[in-house]
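Coordinate analysis (summary)
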Amino acid sequence: MASAQIFQSGFEDWTGAAPDGWMGAKTSLPAANVSEVTDNVHSGTAAVRLEYTASDHKRFSTQALTVEANTDYTVSFWVRGAGEIRVGLFDDRSTGSGYASYSAYTSATATWTQVSQTVTATNATTIAEFILSVRNTVAPEHLVVDDVTISTGSSVQDVSIHDIQFTTDPSGNSPYNGQLVSTSGIVTGTYITYDNNNPPAPQYRYTYIQDGSGPWNGVVIYDYYNNNNVANIGDAVTVRATVDEYFNLTELKDVQSFIITATGQPQPAPLVVETGDVASEALESVLVEVQQATCTVVPSGASFGKWNVNDGSGDAVVGKLMYTTTPDPELGQVFNVTGVVAFTNFQNNPEYNILPRMASDVDIVTGIADIAELATISVGPNPTNDLLVVNLSQAVGNVNYTLTDLQGRMVQNGQFTGTRGQLNVSNMPTGMYHLTLRSNELVKTFAVQVAH
């Protein structure tokens, strides 16, 4: 939409010791900490110095302005000095004590730098105040601000979840790390964490969203519980937040806008993966399913109620932040488990977990004789550069096969009959693939390495 300027201040006009248009009712920065600057200004003859050396924050707000509901406003200003500054908005909304979530802090430098941040008004009002929030300023300059402009419209990029997540950086960090973005997806899971008080109180809310099935298509929103940005599984949401890396987990934090655009939407299909692949950068926050996986570690106090499954490719940890598996799994039981891949760092133990969301996500596999029959299948040689031979060993009927790459793209598919089949992989690029075999009742997946 076309932008319209609703406020402009070059701090050229002062009434007494206060800049005109500022020191609104929501200002908490003491008047003595606001002063006029006339040297090294960005333009004109004056700027404003904001001083607040503590690590909490104080607000420097405009006088009352009129804003419209569900409207973006871009706050642009120039800053230099030493300290941190961010943008906020009071629009007397029904949540957050009337305040929008703040943008991420920007650290000032000795040279003039332009900052543009977008905030969204959710409530139409004539008593809105736009806020510059400051902290950790350092003498002698502290923070010097000039040429503030507030306009309708957004400066925020619209980015897909896949583009936020996909990276070739060995660190796993998002290419949008530290940037404010807008993205959309379907909620696949959510949970709340609590503080350590007695009794504990809700502290943080984690909401997982996806905009499609497969690798790189999931992301977690990390938000304060009291922000009331509440959505349920199947809700379609659009969120504006800052991309952040937590122990190389890509997440969205400092939520500025959280809008539910539809409810009751279909869930993305869970991606079938091997247990040994769960701890993967491409799968973080993605809805997955592991199949024919045997319980190798049962829930206990030492495991904090988590348990492990293994389909022969390596252990995967099943967590309980969304749903506690009941009854407790037993060693040797075989499961199909669906859940969101979550990164946790409980008691300084960083690991990826599959988080089931409900009882139906944990399926105890029946037909033990059939499982034993399917377990006799072998695939080799592995690695291979030519033919991949599948020995079914026993007649299990017709077996459908699908060969996919690590992006979830199908490379080959077909059907084996009898007790033996083979695939020609000589023209496939070097890399890791998944061969999934399906009989009438059972599914088994093998990791296959093609090496030329």
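Above this note sits the structure.
Residues numbered from 1 in each chain as written. Predicted model: local features only at pLDDT ≥ 70, side-chain atom pairs only at ≥ 80, totals over all residues. Heavy atoms only, no water.

**Looking at the overall build of the protein**
Secondary structure assignment for the protein yields two helices and 33 strands. By its C-alpha atoms, the protein is 90 × 55 × 40 Å across when sized along the principal axes. Out of the 452 residues belonging to the protein, those deemed buried represent 52%. Contacts in the protein between residues far apart in sequence, at least 24 positions, make up 66% of those at least 6 positions apart. Counting only carbon and sulfur atoms, one obtains 48% of the accessible surface of the protein, whose full area is about 19700 Å². For the protein, the centre of its 18 positive side-chain charges and the centre of its 44 negative side-chain charges are spaced 3 Å apart. (Helix = DSSP H or I, 4+ residues; strand = E, 2+ residues; numbered from the N terminus. Buried < 20%, exposed > 50% of the residue type's maximum accessible area, 1.4 Å probe, protein only. Contact = heavy atoms within 4.5 Å. Areas by Shrake-Rupley, 256 points an atom, 1.4 Å probe, with all protein chains shown as cover. Lys, Arg positive; Asp, Glu negative; His and termini not counted. Charge placed at Lys NZ, Arg CZ, Asp CG, Glu CD.)

**A closer look at the sheet that holds strand β31 (residues 420-424)**
Taken in spatial order, the three strands of this open sheet run β27-β28-β31, and their pairing is antiparallel. Strands with a single pairing partner mark the edges of an open sheet, and in this sheet they are β27 (378-380) and β31. Within this sheet the neighbouring strands show an average axis-to-axis angle of 15°, counted without direction. Bridge count between strand β28 (residues 387-391) and β31: five bridges; the pairing is antiparallel. If you follow Asn-391 over to β31, its bridge partner there is Arg-420. (Pairing = 2+ DSSP bridges. Axes fitted to C-alpha atoms, helices over the stretch in contact; angles between N-to-C directions.)

**Regarding unusual backbone geometry**
Residue Thr-326 is joined to Pro-327 through a cis peptide bond whose omega torsion reads -5°. Relative to the elements of secondary structure, Pro-327 occurs in the loop between β23 (315-318) and β24 (334-346). Gly-380 connects to Pro-381 through a cis peptide bond whose omega is -5°. Within the element layout of this structure, Pro-381 appears in the loop between β27 and β28. The backbone phi angle of Ser-97 is positive, close to 55°, even though this residue is not glycine.

**Thoughts on the pairing of β28**
Of the strand pairs in this sheet, β27 and β28 are connected by three bridges, and their pairing is antiparallel. Across the sheet, residue Ser-378 finds its bridge partner in β28, namely Asn-391. From the end of β27 to the start of β28, which pair antiparallel, there are six residues.

**Notes on the pattern of salt bridges**
Counted under the stated rule, the structure contains seven salt bridges. Between Arg-49 and Glu-141 there is a salt bridge, with its nearest N and O atoms 2.9 Å apart. Note that Arg-49 is positioned in strand β5 (residues 47-50) and Glu-141 in the loop between β12 (125-135) and β13 (143-152), a separation of 92 residues in sequence. Arg-49 gets classed as buried once you look at its relative accessible area, which sits at 15%. Exposure remark for Glu-141: the relative accessible area of 28% places this residue in the partly exposed category. In this structure, the salt-bridge partner of Lys-306 is Glu-351, at a minimum N-O distance of 2.6 Å. Taken together, the residues span a long stretch of sequence, with Lys-306 in the loop between β21 (287-297) and β22 (307-310) and Glu-351 in strand β25 (residues 349-355) at a distance of 45 residues. Taking relative accessible area as the criterion, Lys-306 reaches 12% and is therefore assigned buried. Among the ionic contacts, a cluster of salt bridges with common partners joins Arg-49, Arg-80 and Glu-141. (Salt bridge = Lys/Arg side-chain N within 4 Å of Asp/Glu carboxyl O.)

**A few points about a negative patch on the surface**
A contiguous patch of negative charge on the surface is contributed by Glu-12, Asp-13, Asp-20 and Glu-36. Mapped onto the fold, Glu-12 is located in the loop between β1 (5-9) and β2 (14-15). (Patch = residues over 30% accessible without salt bridge, like charges linked within 9 Å, V, L, I, M, F, W, Y side chains within 5 Å.)

**Observations concerning the side chain of Asn-336**
Considering the arrangement of structural elements, one finds Asn-336 in strand β24. A distance of 2.9 Å separates the side chain of Asn-336 from the backbone nitrogen of Gln-292, its partner in a polar contact. Leave out the neighbours within four places in its chain, and Asn-336 touches Glu-289, Val-290, Gln-291, Gln-292, Asp-361, Val-362, Asp-363 and Val-365. (Polar contact = N/O pair within 3.5 Å; in protein donor to acceptor, adjacent residues only side chain to side chain.)

**A short note on the packing of aromatic side chains**
The tally for this structure, following the rule as stated, stands at 17 aromatic pairs. In this structure an aromatic cluster arises from ring pairing among Tyr-191, Tyr-204, Tyr-206, Tyr-208, Tyr-222 and Tyr-224. Sitting over the ring of Phe-90, Lys-26 keeps its end group 4.3 Å from the ring centre. Over the aromatic face of Tyr-102 sits the side chain of Arg-86, whose NZ or CZ is 4.0 Å from the ring centroid. (Phe/Tyr/Trp six-rings, centres within 6.5 Å; stacked < 30°, edge-to-face > 60°. Lys NZ or Arg CZ within 6 Å of the ring centre and 35° of its normal.)

**Some thoughts on the pairing of strand β18 (residues 236-246)**
Most of β18 sits out of view: eight of its eleven residues are buried. Bridge analysis of β18 against strand β19 (residues 249-262) gives ten bridges, and the strand direction is antiparallel. For Tyr-246, the partnering residue across the bridge sits in β19 and is Leu-249. A loop of two residues connects β18 with β19, the two strands running antiparallel in sequence, and Phe-247 in this loop sits at a positive phi of about 50°.

**Focus on the side chain of Glu-84**
Take Glu-84: it is sitting in strand β9 (residues 84-90). Residue Glu-84 is classed as buried on the basis of its relative accessible area, which comes to 17%. Looking at Glu-84, its side chain comes within polar contact range of the side chain of Arg-135, at 2.9 Å. A polar side-chain atom of Glu-84 sits 2.7 Å from a polar atom in the side chain of Asn-136. What Glu-84 contacts, discounting residues up to four positions off in sequence, is Tyr-105, Thr-106, Ser-107, Ser-133, Val-134, Arg-135, Asn-136 and Leu-143.

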